[in-house]
Amino acid sequence: MRSNNLLEHVYLCLRKYLWVWLAPMIVGLLISGVYNKLLATKTYTARQSLILRDDLLGDAYKPSRFESQESLKSAQETILEIARKPQVVKAVLDQLGPASSFSFSSNYPSIETIEDVQGNITLTAPNGAEFGKTEAVVLSVKTVDAERSTKFVNLLLDEIDSKLSEVRLLRLDSMKNELSQAGANAMKSLEDSSQRLQELEKSFGAEITTIRGLNDPQGSGGFDLKINQIRLEQRQAAAQLSS
């Protein structure tokens, strides 16, 4: 009976002070609707699918294939790092210009704008696959306008390709320097070995011709002639002894 009285009391209070609790709720809903309609910033995401391949020749080179899973993941992480670099984002924003909702200023893009855009750039694997396990990736950019998002992705791809070309050239230059240094060391080692060989040959004097003849399996130098002559004399002496 007490429970019924309590529920009845609550109902009567709500009915009596209807506008006390209903008015704030209506005002809150109206403010929320106006904010979402006029003030809230809408975002649009543009996506571009990419297929990665390794175009640097290696010992185990296969066309368009990475040597290992680690090299594939490293390449994808490199692309994401380049895409989020402040210099790359600034270059794209300089070409794209400020959005219509921004007031143009001489210091555009600001550091804050660049940092906000960096957080809206992602690189993921398609269809829920694990990042680094597939050569296909999806580059996504989120902005306040659909057309702006599309332009941003296209400009960003151009900047990424340009930066990757620089990285590729730096890597090739590094490989070239390493190979040149290895070739120079090999030539120096060859010259040292040739010098030691010449000094060793000089120490043999007149016998150098005989020693060189030992390395020729088809040769019949003076040393071979002497051995054959000694064997002939040995056979002749054996025949005389037998007589």
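Quick notes on the confidence of the model for the protein chain
Here is step 1 of the chain: When pLDDT is averaged along the protein chain, the result is 79; 80% of the residues meet or exceed 70.
Here is step 2 of the chain: Note that residues 57-61 has pLDDT below 50 and, in this model, four contacts with residues that lie over four places away or in other chains.

A word on the nonpolar core
Here is step 1 of the chain: Grouped together as the largest cluster of nonpolar side chains are 27 residues, with contacts concentrated most on Leu93, Ile121, Leu139, Phe152, Leu156 and Ile160.
Here is step 2 of the chain: At the level of secondary structure, the elements contributing two or more residues to this core comprise strand E1 (44-51), helix H3 (69-83), helix H4 (86-96), helix H5 (111-119), strand E2 (121-124), strand E3 (136-143) and helix H6 (146-204).
Here is step 3 of the chain: Once you skip the residues sitting within four places of it in the chain, Phe152 turns out to touch Val92, Leu93, Leu96, Val117, Ile121 and Val141.

Here we look at the sheet that holds E1
What holds strands together in a sheet is hydrogen bonding between their backbones, with the strands either parallel or antiparallel.
Here is step 1 of the chain: Ordered in space as E1-E3-E2, the three strands form an open sheet in which the pairing is antiparallel. Two strands bound the open sheet, and with one partner strand each, they are E1 and E2. For this sheet, the mean angle separating the axes of adjacent strands, direction not counted, is 20°.
Here is step 2 of the chain: Strand direction decides the pairing type here: E1 and E3, joined by eight bridges, are antiparallel. For Tyr44, the partnering residue across the bridge sits in E3 and is Thr143.

Some details on H3
Here is step 1 of the chain: Here H3 spans 21 Å end to end across 15 residues, near enough to the 21 Å set by a 1.5 Å rise per residue.
Here is step 2 of the chain: Those residues of H3 that sit buried are Leu72, Gln76, Ile79, Leu80, Ile82 and Ala83. Considered in projection along H3, the buried side chains sweep an arc of 165° and stay on one side of the axis. Opposite its buried face, H3 presents the exposed residues Glu70 and Glu81, each directed more than 90 degrees away.
Here is step 3 of the chain: On its buried side, H3 packs onto H4, E2, E3 and H6.

Description of the packing of H4 against H6
Here is step 1 of the chain: Their axes nearest at 9 Å, the elements H4 and H6 cross at an angle of 135°. With respect to H6, the element H4 is oriented oblique. Here H4 runs over H6; the crossing is right-handed. From H4, Val88, Ala91, Val92, Leu93, Gln95 and Leu96 reach across to H6, where they touch Arg148, Lys151, Phe152, Leu155, Leu156, Glu159 and Lys163.
Here is step 2 of the chain: Of the residues in the contact of H4 with H6, the class split is eight nonpolar, one polar and four charged.

Regarding the side chain of Arg148
Here is step 1 of the chain: Turning to its location among the elements, Arg148 is positioned in helix H6.
Here is step 2 of the chain: With a relative accessible area of 12%, Arg148 lands in the buried category.
Here is step 3 of the chain: If we ignore the near neighbours within four places in the chain, the residues touching Arg148 are Leu93, Leu96, Gly97, Pro98, Ala99, Tyr108 and Thr143.

With respect to the pattern of salt bridges
Here is step 1 of the chain: Per the counting criterion, the structure on display carries five salt bridges.
Here is step 2 of the chain: Here Lys90 and Asp94 are joined by a salt bridge, their closest N and O atoms 3.1 Å apart. Note that Lys90 and Asp94 are positioned in helix H4 at a spacing of four residues, about one turn of the helix.
Here is step 3 of the chain: Since its relative accessible area comes to 37%, Lys90 is described here as partly exposed.

Notes on a nonpolar patch on the surface
Here is step 1 of the chain: Side chains of Leu6, Val10, Leu14, Leu18, Trp19, Trp21, Met25, Ile26, Leu29 and Leu30 sit close together on the surface and give an oily, nonpolar patch of about 1000 Å² of accessible area.
Here is step 2 of the chain: With seven residues, the top contributor of residues to the nonpolar patch is helix H2 (residues 18-39).
Here is step 3 of the chain: Looking at the secondary structure, you find Leu30 in helix H2.
Here is step 4 of the chain: When its relative accessible area of 56% is taken as the criterion, Leu30 is described as exposed.

Calculation rules
- Residues numbered from 1 in each chain as written.
- Predicted model: local features only at pLDDT ≥ 70, side-chain atom pairs only at ≥ 80, totals over all residues.
- Heavy atoms only, no water.
- pLDDT = per-residue confidence, 0-100.
- Contact = heavy atoms within 4.5 Å.
- Core = buried A, V, L, I, M, F, W, Y, C linked by side-chain atoms within 4.5 Å.
- Buried < 20%, exposed > 50% of the residue type's maximum accessible area, 1.4 Å probe, protein only.
- Helix = DSSP H or I, 4+ residues; strand = E, 2+ residues; numbered from the N terminus.
- Pairing = 2+ DSSP bridges.
- Axes fitted to C-alpha atoms, helices over the stretch in contact; angles between N-to-C directions.
- Expected span 1.5 Å × (residues − 1).
- Arc of directions from axis to C-beta.
- Parallel < 35°, antiparallel > 145°, perpendicular 65-115°, else oblique.
- Left-handed = near helix turned anticlockwise from the far one by under 90°.
- Nonpolar A, V, L, I, M, F, W, Y, C, P; charged D, E, K, R; others polar.
- Salt bridge = Lys/Arg side-chain N within 4 Å of Asp/Glu carboxyl O.
- Patch = residues over 30% accessible without salt bridge, like charges linked within 9 Å, V, L, I, M, F, W, Y side chains within 5 Å.
- Areas by Shrake-Rupley, 256 points an atom, 1.4 Å probe, with all protein chains shown as cover.

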